[in-house]
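Tertiary structure, described
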Amino acid sequence: MSVDYIIVGLGLAGMSFAEELTAQNKSFIVYEDQSQNSSLVAGGMYNPVVLKRFTPVWNAEEQLQTALPYYKKLEKKLKNSYDHKIDIFRVFKSIAEQNNWFLACDKILLQDYMSSNIIKNENKSIHAPFGYGRLVRTGRINANALIHDYRELLLTKKLLKKEKFLYHKIILREDGVTYENLKAKKIVFCEGYGIKKNPYFDSLPMKEAKGELITIHAPELKVDYLIKAAVFVMPLGNDLYKVGATFNWKDKSNLPTEEGKEELEQKLNTFIKCKYKIVDHLAGIRPTIIDRRPILGMHPEHEQLAILNGLGTRGVMIAPLMAKKLYQHLEHNAALDHEISIARFQ
Ligand SMILES: Cc1cc2nc3c(=O)[nH]c(=O)nc-3n(C[C@H](O)[C@H](O)[C@H](O)COP(=O)(O)OP(=O)(O)OC[C@H]3O[C@@H](n4cnc5c(N)ncnc54)[C@H](O)[C@@H]3O)c2cc1C
């Protein structure tokens, strides 16, 4: 059997590249072993503003312009809804923060996303004496449901192999690769933190960050916007809210921990004043590169092997645009910007 591409991994990166190949009428097979779950546990929030400093996210507008139509197209294709538009309310810690917000609202790159009205908190279940700043054009992609549905679609089309991809079985040829009984022009590795086990790309400088999230049931909270304070609180419906996330640079496992849960509860209790019950607890590893930029391109010695990784904390917004850029690079030799190219580490 012969295909244009083998894709390894079906998180946000692998799915975006598979969709780009579909749009370009290229054939592919995906290998997926469920060893990583960053995309499956992700909060799924998309937001063009850095909420700590009130600065624009790198390349935010271009990312949104590609990502929003991409998710809309997937909703149509899979006959389900994944993109839940929702405003983000940033809790102010002080008057000084309110002032910083006003200053940021006037900046050209931010004025489309930030509302300059300060919102007074009237919800007794929330402690927010300085009120909120409101962000617009934000939302949440239900990445877990989306990837689950996409996986089912690929399975029915016989385009997905639910198995570990074994690097020692790759045979490099002049015009492509052979893997078991499959011939392909190229392999694109979209393995998230799994890249650490890939002998062709394991030396890339990752600074992966484990994240934990809890889901709470809080019937008295009654909130239909996303709150960002010490942690974010994201409404899921039926009085359920996702709360996250932690950052841990030492623990490399996907397992939820007691310390992670305690940290989330302690931060949540600083601003949520009603009763809640924890009903779920998940963890995953964010594939972050040391300079916090994605990493794309071909292996320096083997052009048949490529990578799409480093989506870090913002896979929802970044993945679709990066998949397009990688495709153009691999098929049409389009140059990759240095800041996203694998060449920056060579
Ligand atoms: C707690 C948490 C909260 C987050 N919240 C957000 C958020 O709100 N918004 C946002 O935009 N981003 C968020 N992120 C970040 C986002 O999840 C990541 O940027 C994104 O998921 C990375 O996608 P990926 O496809 O590169 O990696 P992954 O999702 O990890 O996918 C890698 C895939 O490769 C497979 N794989 C690896 N090795 C092999 C192999 N040898 N053979 C076969 N398959 C293999 C894995 O099983 C998996 O399917 C969050 C992350 C975490 C952990």
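Located above this text is the structure these notes cover.
Okay, so let's go over this structure. Computed from a predicted structure; not experimentally measured.

Some points on the packing of aromatic side chains
With the rule as written, the count across this model stands at 15 aromatic pairs. Taken together, the ring pairs connect Tyr31, Phe165, Tyr167, Tyr179, Phe189 and Phe201 into an aromatic cluster. It is Arg286 that lies over the ring of Phe247; its NZ or CZ is 3.7 Å from the centre.

Overview of the side chain of Lys186
Among the structural elements, Lys186 can be located in strand S14 (residues 182–189). Buried within the structure, Lys186 lacks any salt-bridge partner; its nearest side chain of opposite charge belongs to Glu303, at an N-O separation of 5.2 Å. Of the polar contacts made by the side chain of Lys186, one reaches the backbone oxygen of Glu303; its length is 3.1 Å. Beyond its immediate chain neighbours, meaning those up to four positions away, Lys186 contacts Asp4, Tyr5, Ile6, Met298, Glu303, Gln304 and Leu330.

Things to note about the site of the ligand
Around the ligand, the surrounding shell holds 36 residues, and the nearest of these are Glu32, Ser39, Met45, Phe165 and Gly312. Side-chain polar atom of Glu32 to an oxygen atom of the ligand: 2.4 Å apart, as the coordinates give it. Here a nitrogen atom of the ligand sits 3.1 Å away from a polar atom, N or O, in the main chain of Gly43. Relative to its unbound accessible surface of 1000 Å², the ligand loses 97% to contact with the protein. Listed by contribution, the elements that provide at least two residues to the shell around the ligand are helix H1 (12–23), helix H2 (38–41), strand S15 (209–217), strand S19 (277–286) and helix H7 (315–332). For the shell around the ligand, a count of residues per class yields 14 nonpolar, 15 polar and seven charged.

Concerning the sheet that holds strand S7 (residues 88–91)
Reading across from one edge, S8-S9-S7-S16-S17-S18-S15-S19 is the order of the eight strands in this open sheet, with mixed pairing throughout. Of all strands in the sheet, those with a lone pairing partner are strand S8 (114–119) and S19, marking the two edges. Going from strand to strand, the sheet's axes swing by 25° on average, the running direction of each strand aside. Note that S8 and strand S9 (residues 132–135) share four bridges and pair antiparallel. Note that in S9 the partner of Met114 across the bridge is Leu135. Against the sheet, helix H6 (residues 258–268) touches S15, strand S17 (232–237), strand S18 (240–244) and S19, its axis set at about 60° to S15.

Side note on the sheet that holds strand S10 (residues 139–141)
Strand order in the open sheet formed by three strands is S3-S10-S6, with antiparallel pairing between adjacent strands. In the strand order of this sheet, the two ends are held by strand S3 (45–46) and strand S6 (83–85), each with one partner.

Quick word on the pattern of salt bridges
Evaluated as defined, the whole model comprises 21 salt bridges. The salt bridge partner of Glu32 is Arg151, with a shortest N-O separation of 3.9 Å. Here Glu32 is found in the loop between strand S2 (28–31) and H2, whereas its partner Arg151 is found in helix H5 (residues 143–156), with 119 residues between them in sequence. Shared partners join several salt bridges into a network, and the residues in it are Arg90, Lys93 and Glu97.

Description of the packing of helix H3 (residues 60–78) against H7
Here H3 crosses H7 at 90°, and the two axes come no closer than 8 Å. One way to sum up the angle between H3 and H7 is to call them roughly perpendicular. Residues Ala60, Glu62, Gln63, Leu64, Thr66, Ala67, Tyr70 and Tyr71 of H3 form the contact with H7, whose own contacting residues are Gly315, Val316, Met317, Ile318, Pro320, Leu321, Lys324 and Lys325. The residue makeup of the contact of H3 with H7, split by class, is 10 nonpolar, three polar and three charged.

Describing the nonpolar core
Leu12, Met15, Phe17, Tyr71, Met114, Val188 and Leu308 are the most contacted members of the largest nonpolar core, which totals 66 residues. If near-sequence neighbours (up to four positions away) are discounted, Val188 is found in contact with Tyr5, Ile6, Ile7, Val8, Phe17, Ala306, Leu308, Leu326 and Leu330. Within the second largest apolar cluster, 25 residues are counted, among which are Tyr31, Val177, Phe189 and Ile285.

Notes on unusual backbone geometry
Generally, phi is negative for residues other than glycine and the peptide bonds are trans, each holding for most cases. Of the consecutive residues Gly244 and Ala245, the connecting peptide bond is found in the cis state with omega at -10°. For Ala245, the location among the structural elements is in the loop between S18 and H6. If you check the backbone angles, Gln34 has positive phi at about 60° while not being a glycine. For Gln34, the position within the fold is in the loop between S2 and H2.

Points about a positive patch on the surface
On the surface, a cluster of positive charge is contributed by Lys52, Arg53, Lys207 and Arg292. Among the structural elements, Arg292 can be located in the loop between S19 and strand S20 (295–298). On the accessibility criterion, Arg292 (55% relative accessible area) is exposed.

Rules and cut-offs
Residues numbered from 1 in each chain as written. Predicted model: local features only at pLDDT ≥ 70, side-chain atom pairs only at ≥ 80, totals over all residues. Heavy atoms only, no water. Phe/Tyr/Trp six-rings, centres within 6.5 Å; stacked < 30°, edge-to-face > 60°. Lys NZ or Arg CZ within 6 Å of the ring centre and 35° of its normal. Helix = DSSP H or I, 4+ residues; strand = E, 2+ residues; numbered from the N terminus. Buried < 20%, exposed > 50% of the residue type's maximum accessible area, 1.4 Å probe, protein only. Lys, Arg positive; Asp, Glu negative; His and termini not counted. Salt bridge = Lys/Arg side-chain N within 4 Å of Asp/Glu carboxyl O. Polar contact = N/O pair within 3.5 Å; in protein donor to acceptor, adjacent residues only side chain to side chain. Contact = heavy atoms within 4.5 Å. Near = heavy atom within 4 Å. Areas by Shrake-Rupley, 256 points an atom, 1.4 Å probe, with all protein chains shown as cover. Nonpolar A, V, L, I, M, F, W, Y, C, P; charged D, E, K, R; others polar. Pairing = 2+ DSSP bridges. Axes fitted to C-alpha atoms, helices over the stretch in contact; angles between N-to-C directions. Parallel < 35°, antiparallel > 145°, perpendicular 65-115°, else oblique. Core = buried A, V, L, I, M, F, W, Y, C linked by side-chain atoms within 4.5 Å. Patch = residues over 30% accessible without salt bridge, like charges linked within 9 Å, V, L, I, M, F, W, Y side chains within 5 Å. Charge placed at Lys NZ, Arg CZ, Asp CG, Glu CD.

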